[in-house]
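# Results of the structural survey
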Amino acid sequence: PIWGQKLLSPVQEGYVSAGYKLDSYLSLGHGTHYAIDFYHNLNRTPPLYAMGVGEIVGQYTYHSLGETLAIKYNNVIANDGTYYDSLIIRYSHLKSIEEIENGTIVGIENQVATMGASRTGAQKKDSVTGETIFVYHTHLEVSTDTNAPLSTVTEKRPDEINRAIDTTLDPKYI
């Protein structure tokens, strides 16, 4: 390709706390973690931005992943120089999604959602009190399957016959 876009972090403040397909995540009793998680340590819900020029391609509320937004990015050049015609990036556990319709083109200056703690995948037990607490973070999943933007290997939707196959990439390389 003659040109392409490098994608940026969707958060302006926060840190990565759970990596892609880490064994330590499995040891917690969870399944494979097909994403990275961005956390914010001040228990706030910071804004999330488009990572480049992309198109809104879907929204869905999953049982575990909660509020999820899918954006398709074209002509992506990964950090290692690999070129992708198109990628789908799903943002999950959102507090809210901006009022943007499918087909809307967004850029890095556009807030697309707010970090949250929606649904069961954002809950954990406090080790001292035993109470359920919600952990504000965003689950960021990258997929090469642009034909099914809301089909995630992490969680099957009720309208899907089978769980999606693994078409994910490690987000840190994108």
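Now for a look at the structure at hand. (Residues numbered from 1 in each chain as written. Predicted model: local features only at pLDDT ≥ 70, side-chain atom pairs only at ≥ 80, totals over all residues. Heavy atoms only, no water.)

## Considering the overall build of the protein
Let me state the cut-off plainly: Helix and strand definitions here come from DSSP, where helices need a minimum of 4 consecutive H or I residues and strands a minimum of 2 consecutive E residues; each element is numbered from the N-terminal end. Think of it in three bands: residues with accessible area under 20% of the maximum for their type are buried, residues over 50% are exposed, and the middle band is partly exposed, with areas taken using a 1.4 Å probe on protein chains only. In this description, contact between two residues means that some pair of their heavy atoms is separated by no more than 4.5 Å. Here the accessible surface of atoms and residues is derived via Shrake-Rupley with a 1.4 Å probe, and residues count as covered only by protein chains that are part of the display.
Each helix and strand in the protein was counted, giving one helix and 13 strands. Starting at the N terminus and ending at the C terminus, the protein contains elements arranged as β-α-β-β-β-β-β-β-β-β-β-β-β-β. Per-residue burial for the protein yields a buried fraction of 45% across its 174 residues. Sequence-distant contacts in the protein: of pairs separated by 6 or more residues, those separated by 24 or more amount to 62%. For the protein, the accessible surface area stands at approximately 9,200 Å², while carbon and sulfur atoms represent 49% of it.

## What about the environment of Ile56?
Relative to the assigned elements, Ile56 resides in strand β4 (residues 54–62). Among the residues examined, Ile56 registers a relative accessible area of 0% and is labelled buried. Separated by 14 residues in sequence, Ile56 and Ala70 have C-alpha atoms that sit 6.2 Å apart. With residues up to four places along the chain from it excluded, the contact list for Ile56 reads Leu69, Ala70, Ile71, Ile100, Glu101, Asn102, Gly103, Thr104 and Val106.

## Focus on the sheet that holds strand β7 (residues 94–97)
To be explicit about the condition: Here a strand pair is declared whenever DSSP counts at least two bridges between the two strands. To define axes, lines are fitted to C-alpha atoms, for helices over the stretch in contact only, and angles between the resulting N-to-C directions are given on a 0 to 180 degree scale.
Spatially, the three strands line up as an open sheet ordered β3-β9-β7, and their pairing is antiparallel. The open sheet is flanked by β3 (47–49) and β7, the only strands paired with a single partner. Strand-to-strand twist of the sheet, defined as the mean angle between neighbouring strand axes without regard to direction, takes the value 30 degrees. Judged from the three bridges that link them, β3 and strand β9 (residues 111–115) form a sheet pairing that is antiparallel. For Pro47, the partnering residue across the bridge sits in β9 and is Thr114.

## Examining the nonpolar core
Put simply, the rule reads: For the purposes of this section, nonpolar cores are sets of buried Ala, Val, Leu, Ile, Met, Phe, Trp, Tyr and Cys residues that join through side-chain atoms within 4.5 Å.
Ile71, Tyr73, Ile89, Tyr91, Val112 and Ile174 are the most contacted members of the largest nonpolar core, which totals 28 residues. Elements represented by at least two residues in this core include exactly β2 (36–39), β5 (66–77), β6 (83–92), β7, β9 and β12 (137–143). Ranked by the residues each element gives to this core, the list is headed by β5, at four residues. Setting aside chain neighbours within four positions, we find Val112 in contact with Leu48, Tyr49, Ala50, Leu69, Ile71, Tyr91, Ile97, Glu98, Ile100 and Val106. In terms of nonpolar packing, the next biggest core, distinct from the first, is built from five residues, Leu65, Ala70, Ile88 and Leu150 among them.

## Let's talk about unusual backbone geometry
Its identity as a non-glycine residue notwithstanding, Asn75 has a phi of 55 degrees, on the positive side. For His93, which is not glycine, the phi torsion reads 65 degrees and is therefore positive. Within the secondary structure, His93 is located in the loop between β6 and β7. Judged by its relative accessible area of 3%, His93 is buried.

## Quick word on the packing of aromatic side chains
We apply this condition: Geometry of aromatic contacts follows a simple scheme: Phe, Tyr and Trp rings, the Trp one being its six-membered ring, pair when their centres are within 6.5 Å, and the pair is stacked under 30 degrees between planes, edge-to-face over 60, tilted otherwise. Here, a charge over a ring is recorded when the distance from Lys NZ or Arg CZ to the ring centre is within 6 Å and its angle to the ring normal is within 35 degrees.
Evaluation of the coordinates by the stated rule reveals one aromatic pair. Ring centres 4.7 Å apart and planes at 65 degrees place the aromatic pair Tyr60 and Tyr62 in the edge-to-face group. Overall, the relative accessible area of 2% leaves Tyr62 in the buried class. When the ring centre of Tyr60 is taken as origin, the NZ or CZ atom of Arg157, which lies over that ring, is 5.5 Å away.

## Description of the pairing of β4
In terms of strand pairing, β4 meets β5 through eight bridges, oriented antiparallel. Along β5, the bridge assignment pairs Tyr62 with Gly66. Between the end of β4 and the start of β5, which pair antiparallel, lie three residues.

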